[in-house]
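# Residue-level structural notes
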Amino acid sequence: MALLLEEIIRSVEAFLRLKNSNQKPYVDPTLDPVLLVPGIAGSILNAVDHEKGTEERVWVRIFGADHEFRTKMWSRFDPSTGKTISLDPKTTIEVPQDRAGLLAIDVLDPDLIVGRESVYYFHEMIAEMLGWGFQEGKTLFGFGYDFRQSNRLQETLDQFAKKLESVYKASGEKKINVISHSMGGLLVKCFMGLHSDIFEKYVQNWIAIAAPFRGAPGYITSTLLNGMSFVNGWEQNFFVSKWSMHQLLIECPSIYELMCCPYFKWELPPVLELWREKQSNDGVGTPGVVLESYRSLESLEVFTKSLSNNTADYCGESIDLPFNWKIMEWAHETKRVLESAKLPSQVKFYNIYGTNLETPHSVCYGNENMPVKDLTNLRYFQPTYICVDGDGTVPVESAMADGLEAVARVGVPGEHRGILNDHRVFRMLKQWLNVGEPDPFYNPINDYVILPTTFEMEEHHENGLEVASVKESWDILAGDNNNGTAESTVSSISVSRPGSDENPQAEARATLTVHPQNDGRQHVELNAVSVSVDA
């Protein structure tokens, strides 16, 4: 039921943005530049065929994705360089640089119309910051990168150094505010650890959001053993298959660098658990079932055995893709770089992390009735997660353990990707980036944001029905009085959902009132109510 009300609110917000889209964008030339750095799978990647002279997007594309993904993105790790190289010798993977680098990290499949929100990355944050007065190519920039690669690959770090220099020059030699998300925080920290002089020269603030500083243990364990899906719902029928993604990630250093940090003093160490069938001591009696538990370093033997006969068919050729110990050794050195990185004295660091969601911490395969008999079949078992508090991907304990002297560490209830468009996060960013007037509702001592709001919601049960009502209002501020109407306008909105075994029948109706503009301010009110069968 709450989903229907949220759908109405989102529709109204989209309407208000569209209603005022013809106004000239506000630009504040006094702002310091911002560089956005995404996490894994957060950059558009194009495959460039040097023989044909063609270029096509291979990540992300929803329709017709799997074949091109396997052909152009599958790769092998080269231990002599630390780089993973596409199997297609004619192809190189490049990141588009349009819009000062923002195109690559905004909407990851610009061709998708229906369900476009599933491929938003920094889209909402970019739109929000443009509204604050930032300007693409002047004070707002993006850094996309080949996320298959190691976070300390020198080629990527060189590109990042060039990006910092170009942003610094384009903004009139102003020091930069770096905002990273997820694995982008590891890339920034690697750069800071290996090139602290360059980092200190160009950067004044680094704000890390949802960074897996000590890994994402439960999520990455199941990823290496079973693969991962980046979209849910109807889109996954057209998207890259979980199996195709699995075969790619086995050769990606970045994934190994996201594994559990074994030397970190976890409050409760992450483990890999297996229900195994064991023969009796004499080999004659009925087999028993035992629960085996492996800590992070011990679990590497399980990875090795389970992926020992893993192969992929590439253009008619069978390719062995076992657990890659060369990558594991490379990732171990990356973790050493991350552990030893220090914050330059002139740079301020802020850490925002997600909370209040069940987040995979340890993983269990099999059960007492269906134990794992052969480790090579482990990839066909569905994992069961032992969860802790986090953002659904990164545990709070990992995200908080940055090992740096932070000005603030703030937990925000929210999901790993969704936190990028959270209004509380936007409020913090405005404060830390010195946008506009100081925020009187921000309490830096408690590292928390208290928001004034007119949002009200009530719920109650009546005669077998669940009833919820929402009241919300917005103020539209404009520099002139020419866009208002002479009198208030009232519109109605309705949304319904048929019942099913999983979700009861529900219906929501709303009234939207837009008042006349007065002294540059226009008030909008929404009153909505939803009714569903009480489950």
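Because the structure is predicted, anything quoted here is derived from the model rather than measured.

### Some points on the overall build of the protein chain
- Scanning the protein chain for helices and strands turns up 13 helices and 24 strands.
- A burial count over the protein chain gives 51% of its 535 residues as buried.
- Accessible surface for the protein chain amounts to roughly 25,600 Å². Of this, 50% is attributable to carbon and sulfur atoms.

### Comments concerning the packing of helix α7 (residues 217-226) against helix α8 (residues 242-249)
- Where α7 meets α8, the closest approach of the two axes is 8 Å, and the angle between their N-to-C directions is 105°. By the criterion of interaxial angle, the relationship of α7 to α8 is roughly perpendicular. Contacts from T223, L224, L225 and N226 of α7 reach α8 at K242, H246 and L249.
- Of the residues assigned to the contact of α7 with α8, the class counts are 3 nonpolar, 3 polar and 1 charged.

### Regarding the sheet that holds strand β9 (residues 203-209)
- A sheet is described by the order of its strands in space; here 6 strands give the open sequence β7-β1-β8-β9-β14-β17, paired in parallel fashion. In this open sheet, the two edge strands, each paired with only one partner strand, are β7 (140-142) and β17 (408-413). Shown here is a sheet whose adjacent strand axes are inclined to one another by a mean of 20°, direction ignored.
- Looking at chain direction, β9 and strand β14 (residues 348-355) are connected through 5 bridges and run parallel. Within the sheet, the bridge partner assigned to W206 lies in β14 and is F349.
- The strands touched by helix α4 (residues 154-170) are β1 (34-37), β7, β8 (176-181) and β9; relative to β1, the strand with the most contacts, the crossing angle is about 155°.

### Structural notes on the pattern of salt bridges
- Within this structure, the stated rule accounts for 18 salt bridges.
- A salt bridge links K169 to E165, with the shortest nitrogen-to-oxygen separation between them at 3.2 Å. In this pair, K169 and E165 are both assigned in helix α4, 4 residues apart and thus about one turn of the helix distant.
- For E165, a relative accessible area of 30% gives the class partly exposed.

### Quick word on the packing of helix α5 (residues 184-194) against helix α11 (residues 325-340)
- The contact between α5 and α11 brings their axes to 8 Å, and the two run at 70°. The angle between α5 and α11 places the two elements in the roughly perpendicular class. Here α5 contributes L186, K189, C190 and L194 to the contact with α11, which in turn contributes T334, V337 and L338.
- A class-by-class count of the residues in the contact of α5 with α11 yields 5 nonpolar, 1 polar and 1 charged.

### Some words on empty space enclosed by the protein
- Counting across every chain of the model gives 4 cavities of 30 Å³ or more.
- A volume near 90 Å³ is recorded for the largest cavity.
- Considering the residues around the largest cavity, the lining is formed by K189, P212, F213, R214, G215, E257, C261, K335, L338, E339 and A401.
- Top element by residues in the lining of the largest cavity is α11. It accounts for 3 residues.

### Some thoughts on the sheet that holds strand β3 (residues 54-59)
- Overall, antiparallel pairing links the 3 strands, which are arranged β3-β2-β6 in an open sheet. Either end of the sheet is taken by a strand with one partner, and the two such strands are β3 and β6 (91-94). Averaged over all adjacent pairs, the angle separating strand axes in this sheet is 30°, with direction ignored.
- The pairing of strand β2 (residues 45-49) with β3 spans 5 bridges and is classified as antiparallel. Following the sheet pairing, N46 is matched in β3 by R57.
- Strands β2, β3 and β6 of the sheet are contacted by helix α2 (residues 65-72), whose axis makes an angle of about 110° with β3.

### Some details on the pairing of strand β15 (residues 357-365)
- The buried fraction of β15 amounts to 7 of the 9 residues, a majority that puts the element mostly inside the structure.
- Bridging between β15 and strand β16 (residues 384-390) involves 7 bridges; their strand directions are antiparallel. Counterpart to S362 in the pairing with β16 is I386.

Parameters at a glance
Residues numbered from 1 in each chain as written. Predicted model: local features only at pLDDT ≥ 70, side-chain atom pairs only at ≥ 80, totals over all residues. Heavy atoms only, no water. Helix = DSSP H or I, 4+ residues; strand = E, 2+ residues; numbered from the N terminus. Buried < 20%, exposed > 50% of the residue type's maximum accessible area, 1.4 Å probe, protein only. Areas by Shrake-Rupley, 256 points an atom, 1.4 Å probe, with all protein chains shown as cover. Axes fitted to C-alpha atoms, helices over the stretch in contact; angles between N-to-C directions. Parallel < 35°, antiparallel > 145°, perpendicular 65-115°, else oblique. Contact = heavy atoms within 4.5 Å. Nonpolar A, V, L, I, M, F, W, Y, C, P; charged D, E, K, R; others polar. Pairing = 2+ DSSP bridges. Salt bridge = Lys/Arg side-chain N within 4 Å of Asp/Glu carboxyl O. 1 Å grid on protein atoms, 1.4 Å probe; cavity = no way out; pocket = protein on both sides within 12 Å on 5 of 7 lines; lining within 4 Å. Points joined across faces, edges and corners; volume = space filled by probe spheres on them.

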